[in-house]
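Residue-level structure breakdown
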Amino acid sequence: WQIWPDALLAPEELAQAAPVDTYIGQHLTLRAYHADGSPYGAATWRVRLRTDRPVTVSMLVPEAYCASAVYVDGTPLGGTGSVSPYLPRVLDGVYAFTVDGDAEVVIQTANFTHYSSGLIFPPVLGSPTAVGRYIALRMALYGLLCFTALALALFSLVVWLSPKARDPLYLWFGVLCLAFALRSCYPFFRAAGVPLVRPLYAMEDLGAFLILYCAGRMV
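Let me sum up the structure you'll find in this document.

Conventions and cut-offs
Residue positions within a chain follow its written sequence, with the count starting from 1. For this predicted model, a pLDDT threshold of at least 70 governs which residues receive local features, and a threshold of 80 or more governs which side-chain atom pairs are given and counted, while totals over whole chains, interfaces and linings are taken from all residues. Heavy atoms from the whole structure form the basis of all side-chain values; hydrogens and water molecules are not counted. Counting from the N terminus, the helices are DSSP H or I runs at least four residues long and the strands are E runs at least two residues long. For the exposure calls, accessible area comes from a 1.4 Å probe over protein chains only, and a residue counts as buried if that area is under 20% of its type's maximum, exposed if over 50%, partly exposed in between. Note on definitions: a residue-residue contact is assigned when non-hydrogen atoms from the two residues lie within 4.5 Å. Note on areas: Shrake-Rupley, 1.4 Å probe, and residue coverage restricted to the protein chains presented here. Only four residue types enter the tally: Lys and Arg on the positive side, Asp and Glu on the negative side, with His and both chain ends excluded. For this purpose, a charge sits on NZ of Lys, CZ of Arg, CG of Asp or CD of Glu. One fewer than the residue count of a helix, multiplied by 1.5 Å, yields its expected span. Helix axes are fitted to C-alpha atoms over the stretch in contact, other axes to C-alpha atoms as well, and angles between N-to-C directions run from 0 to 180 degrees. Should an angle fall under 35 degrees it is taken as roughly parallel, and over 145 as roughly antiparallel, whereas 65 to 115 is taken as roughly perpendicular and any remaining angle as oblique. By definition, turning the near helix anticlockwise from the far helix through less than a right angle yields a left-handed crossing, and turning it clockwise yields a right-handed one. In the scheme used here, Gly and all other residues not listed as nonpolar or charged are polar, with Ala, Val, Leu, Ile, Met, Phe, Trp, Tyr, Cys and Pro taken as nonpolar and Asp, Glu, Lys and Arg as charged. Polar contacts, as counted here, are pairs of nitrogen or oxygen atoms within 3.5 Å of one another; within protein the pair requires one atom able to donate a hydrogen and one able to accept it, and residues that are adjacent in sequence qualify only if both atoms are side-chain atoms. If DSSP finds at least two bridges between two strands, the strands pair.

Of the regular secondary structure elements, the protein chain holds 4 helices and 11 strands. Counting all 219 residues of the protein chain, 44% fall into the buried class. Counting contacts in the protein chain only where the partners sit at least 6 residues apart, residues at least 24 apart contribute 76% of the total. By element, 64% of the accessible surface of the protein chain is carried by carbon and sulfur atoms, the whole surface being about 11,600 Å². The averaged location of the 15 negative side-chain charges in the protein chain is 14 Å from the averaged location of its 14 positive side-chain charges.

As a further point, take helix 1 (residues 128–161). One turn of an α-helix holds 3.6 residues; hence residues three or four places apart share an orientation. The end-to-end C-alpha distance of helix 1 is 49 Å, a good match for the 50 Å that 34 residues give at a rise of 1.5 Å each. Buried within helix 1 we find Val 131, Arg 138, Met 139, Tyr 142, Gly 143, Cys 146, Ala 149, Ala 153, Ser 156 and Val 159. Contact partners of the buried residues in helix 1: strand 4 (55–61), strand 11 (124–126), helix 2 (168–184) and helix 3 (186–192).

This next bit is on the packing of helix 1 against helix 2. The interhelical angle for the contact between helix 1 and helix 2, taken along N-to-C directions, is 160 degrees, at an axis separation of 8 Å. With respect to each other, helix 1 and helix 2 are oriented roughly antiparallel. Of the two elements, helix 1 crosses helix 2, and the hand of that crossing is left-handed. Facing Tyr 142, Leu 145, Cys 146, Ala 149, Leu 150, Leu 152, Ala 153, Ser 156, Leu 157, Val 159 and Trp 160 of helix 1, the residues of helix 2 in contact are Pro 168, Tyr 170, Leu 171, Phe 173, Gly 174, Cys 177, Leu 178, Phe 180, Ala 181 and Ser 184. Here the residues of the contact of helix 1 with helix 2 are counted per class, giving 18 nonpolar, 3 polar and no charged.

Examined against the element boundaries, Gln 108 turns out to sit in strand 10 (residues 102–111). Among the residues examined, Gln 108 registers a relative accessible area of 6% and is labelled buried. Reaching out from Gln 108, the side chain makes a polar contact with the backbone oxygen of Leu 9 at a distance of 2.9 Å. Setting aside its immediate chain neighbours within four residues, Gln 108 contacts Leu 8, Leu 9, Ala 10, Ala 43, Thr 44, Ala 67, Ser 68, Ala 69, Tyr 71 and Val 83.

Our focus in this paragraph is the sheet that holds strand 9 (residues 93–99). Strand order in this open sheet of 3 strands is 9-4-11, and the pairing throughout is antiparallel. Two strands lie at the open edges of the sheet, namely strand 9 and strand 11, each paired on one side alone. Each adjacent strand pair in this sheet contributes to an overall mean axis angle of 20 degrees, direction not counted. Where strand 4 meets strand 11, 3 bridges bridge the pair, whose relative direction is antiparallel.

Following this line, the structure appears as structure tokens:
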């Protein structure tokens, strides 16, 4: 991947400035590119694809923080939120296109809401069938984690409510399982594109804090 930090460049404008070679996740924020250490900002990302035959590709861009625009060979395919003017909306975006020989994928990101470089999870590239299977398996896994934790929470709280078993261990374990279910259900909100960006991240942080707090109380 190549990145142009602090620049929202259209595909035809990329030659105006020199990019920086990087990989997704190398810098979790844009702090490394700023003299004042600010983690916020905008960026343009590019990756080149090459195939030896025409293929139809699906690309999953998970959680582009907190607004994005996607181009393939100069053609806009969509995005999440608005990079300019800035309007945050975190969403798992899926884009389909055809690659015949060489192709250029350009992703613009803007983030003034959370500490993030824009792309910190690598996009998933593959055939439409493979990407669809990946999404289905991922949702099934997180659904299993979420609903199993909810069942354990309900069972533990029912036991705690029994007059013969008022041990607070059951209460804290039930709340821990409930918090874990809350923390692990975030992919469903990302897939739905719920526009409440800050409340959703606050909910995730609250779930993580409750897990640690309940574990401490149980000990």
